[in-house]
Amino acid sequence: MELIDGKATSAKIKAEIAAQVAGFVAEGKRSPHLVAILVGHDGGSETYVANKVKACDACGFKSTVIRRESDVTEEELLKLIGELNHDGDVDGFIVQLPLPRHIDEQRVTEAILPEKDVDGFHPVNVGRQSIGLPCFNSATPAGIVELLKRYNVPTRGKNCVIIGRSNIVGKPLAALMMQKGIDATVTVCHSATDNLKEICRNADILVAALGRPEFVTADMVKDGATVIDVGTTRVPDATRKSGFRLCGDVDFDNVSPKCSFITPVPGGVGPMTIVSLMQNTLKAYLNNNIR
Ligand code: NAP
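Figured I'd write up the structure that's included with this text. (Residues numbered from 1 in each chain as written. Predicted model: local features only at pLDDT ≥ 70, side-chain atom pairs only at ≥ 80, totals over all residues. Heavy atoms only, no water.)

Quick notes on the overall build of the protein
Secondary structure summary: the protein contains 10 helices and 11 strands in total. For the protein, the C-alpha radius of gyration of 19 Å lies close to 19 Å, the compact-globule estimate for 291 residues. In terms of its C-alpha atoms, the protein occupies a principal-axis envelope of roughly 50 × 40 × 35 Å. Across the 291 residues in the protein, those meeting the buried criterion constitute 47%. Contacts in the protein between residues far apart in sequence, at least 24 positions, make up 71% of those at least 6 positions apart. (Helix = DSSP H or I, 4+ residues; strand = E, 2+ residues; numbered from the N terminus. Rg over C-alpha atoms; globule rule 2.2 N^0.38 Å. Buried < 20%, exposed > 50% of the residue type's maximum accessible area, 1.4 Å probe, protein only. Contact = heavy atoms within 4.5 Å.)

Describing the side chain of Thr226
Inspection of the secondary structure assignment puts Thr226 in strand S8 (residues 226-229). Residue Thr226 is classed as buried on the basis of its relative accessible area, which comes to 4%.

What to know about the sheet that holds strand S6 (residues 185-189)
Within the open sheet, the six strands sit side by side as S1-S11-S8-S7-S5-S6. Their pairing is parallel. Strands with a single pairing partner mark the edges of an open sheet, and in this sheet they are strand S1 (2-3) and S6. For S8 and strand S11 (residues 261-262), the ladder comprises two bridges, and the chain directions are parallel. From the neighbouring strand, Val227 faces S11, where its bridge partner is Ile262. Strands in contact with helix H7 (residues 170-177) are strand S5 (159-163), S6 and strand S7 (205-208); relative to S5, the strand with the most contacts, it is inclined by about 170°. (Pairing = 2+ DSSP bridges. Axes fitted to C-alpha atoms, helices over the stretch in contact; angles between N-to-C directions.)

Some details on unusual backbone geometry
Cis rather than trans, the peptide bond between Leu97 and Pro98 has omega equal to 5°. If you trace the backbone, Pro98 turns up in the loop between strand S4 (92-95) and helix H4 (105-111). Here Val265 and Pro266 are connected by a cis peptide whose omega angle stands at -5°. On the secondary structure map, Pro266 appears in the loop between S11 and helix H10 (269-290). The phi angle at Asp183 is positive, at roughly 65°, despite the residue not being glycine.

Some remarks on the pairing of S4
Where burial is concerned, the two faces of S4 agree: the one with Gly92 and Ile94 and the one with Phe93 and Val95 are both buried. The pairing of strand S2 (residues 33-39) with S4 spans four bridges and is classified as parallel. Residue pairing in the sheet places Val35 in a bridge with Phe93 of S4.

A few points about the packing of aromatic side chains
In this structure the tally under the stated criterion is two aromatic pairs. For the ring pair Phe24 and Tyr285, a centre distance of 5.6 Å and an interplane angle of 45° mean the geometry is tilted. On the criterion of sequence distance, the pair formed by Phe24 in helix H1 (residues 6-26) and Tyr285 in helix H10 is long-range, its members being 261 residues apart. For Phe24, a relative accessible area of 15% gives the class buried. You can call Tyr285 buried: its relative accessible area is 1%. Here Tyr151 and Phe261 contribute two aromatic rings whose centre-to-centre distance is 6.4 Å and whose plane-to-plane angle is 75°, an arrangement assigned as edge-to-face. Linking Tyr151 in the loop between helix H6 (139-150) and S5 with Phe261 in strand S11, this pair joins segments that are 110 residues apart in sequence. Each member of the pair Tyr151 and Phe261 is classed as buried. (Phe/Tyr/Trp six-rings, centres within 6.5 Å; stacked < 30°, edge-to-face > 60°.)

Some points on the packing of H1 against helix H2 (residues 43-59)
Packing of H1 against H2 brings their axes to within 7 Å, and their N-to-C directions diverge by 50°. Viewed along their axes, H1 and H2 adopt a mutual orientation that is oblique. Only Ala55, Ala58 and Cys59 of H2 make contact with H1, whose side of the interface consists of Lys14, Ile17, Ala18 and Val21. (Parallel < 35°, antiparallel > 145°, perpendicular 65-115°, else oblique.)

Here's the deal with the site of the ligand
Near the ligand there are 21 residues, and of these Arg165, Ser166, Ser191, Thr232 and Thr273 occur at the shortest range. Arg165 has a polar side-chain atom sitting 2.7 Å from an oxygen atom of the ligand. Between the ligand and Thr232, the relevant distance is 2.9 Å, taken from an oxygen atom to a side-chain nitrogen or oxygen of the residue. Summarising the interface, the protein chains cover 72% of the accessible area of the ligand, which totals 930 Å² for the free molecule. Considered class by class, the residues forming the shell around the ligand number eight nonpolar, 11 polar and two charged. (Near = heavy atom within 4 Å. Polar contact = N/O pair within 3.5 Å; in protein donor to acceptor, adjacent residues only side chain to side chain. Areas by Shrake-Rupley, 256 points an atom, 1.4 Å probe, with all protein chains shown as cover. Nonpolar A, V, L, I, M, F, W, Y, C, P; charged D, E, K, R; others polar.)

Observations concerning the sheet that holds strand S3 (residues 62-68)
Pairing within the open sheet is parallel, and its three strands lie in the order S3-S2-S4. This sheet does not close on itself; its edge strands, each paired only once, are S3 and S4. Taking the axes of each pair of neighbouring strands and ignoring which way they run, one obtains an average angle of 15° across the sheet. In the sheet, S2 pairs with S3 via seven bridges, with the strands oriented parallel. Directly across from Val39, in S3, lies its bridge partner Arg68. The strands touched by helix H3 (residues 74-85) are S2, S3 and S4; relative to S2, the strand with the most contacts, the crossing angle is about 180°.

Here is the structure:
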């Protein structure tokens, strides 16, 4: 069994990006600039945004966090997005989700110009990704594919089973895995899937993205499979200073001995999601400079 080290891989990619950016700066160009809009004070969102800022620092990017209180109106948020859409100094921006319930997330997502949508959530980017056109790929799926490539996990002709059909993980990952060049045969499972265990046991690559701690047990995994654990559920843990620990969707201790490759939680897919955001921001910057 080989552990897929997302933390080390992401550090390597950030160093590669930083070297590229240093070259642009040496030529007298400005650095790429990512803006994050953070609404309210949700603990998880604060952590995600702080980690994105840290990643920007590591890549040599400029970053700006724009904070709004949780009573911000949808119109105010849309106005801010309109301003960022037309700010030539901003290459890309994200609105950290989830948003307060009185704000329509889909409306907010669609207000971002596709050219600046470095999260890859706008329907234009989702559509372009699904037909294999240049776009900003959805971050978590792109991070997973990058890990598979960097660890030389064979994908061509392999059965890839994805548990979960969300718009940010399951669906876009299915589109990527079946694309020419990756060439996996993809099955997407969800809460209404019959014979889930049997389907999973047929997977050469099993991706768990359902948000149920330790749901994938050893009897669901074929010998020699590659297992990618996307799940990150906070479970109470009195021994931690934070009072919780992050738990994946895979029963790691019992599943890992059967695997060829497996990602840990934390330190697997999570750091790669942030790196994909950095890669998309660099791409937006390059597009901006070409225009
Ligand atoms: P989501 O929107 O809640 O979707 C969960 C999916 O899992 C749904 O499609 C659901 O089916 C399916 N599901 C739930 N219970 C199931 C069961 N018992 N059997 C089969 N399928 C089941 O979740 P998400 O946003 O994709 O996130 C999934 C997990 O990944 C969460 O733990 C989240 O925190 C984590 N995540 C991590 C990263 C990262 O960077 N590491 C990024 C994104 C998400 P239905 O559609 O039928 O309801």
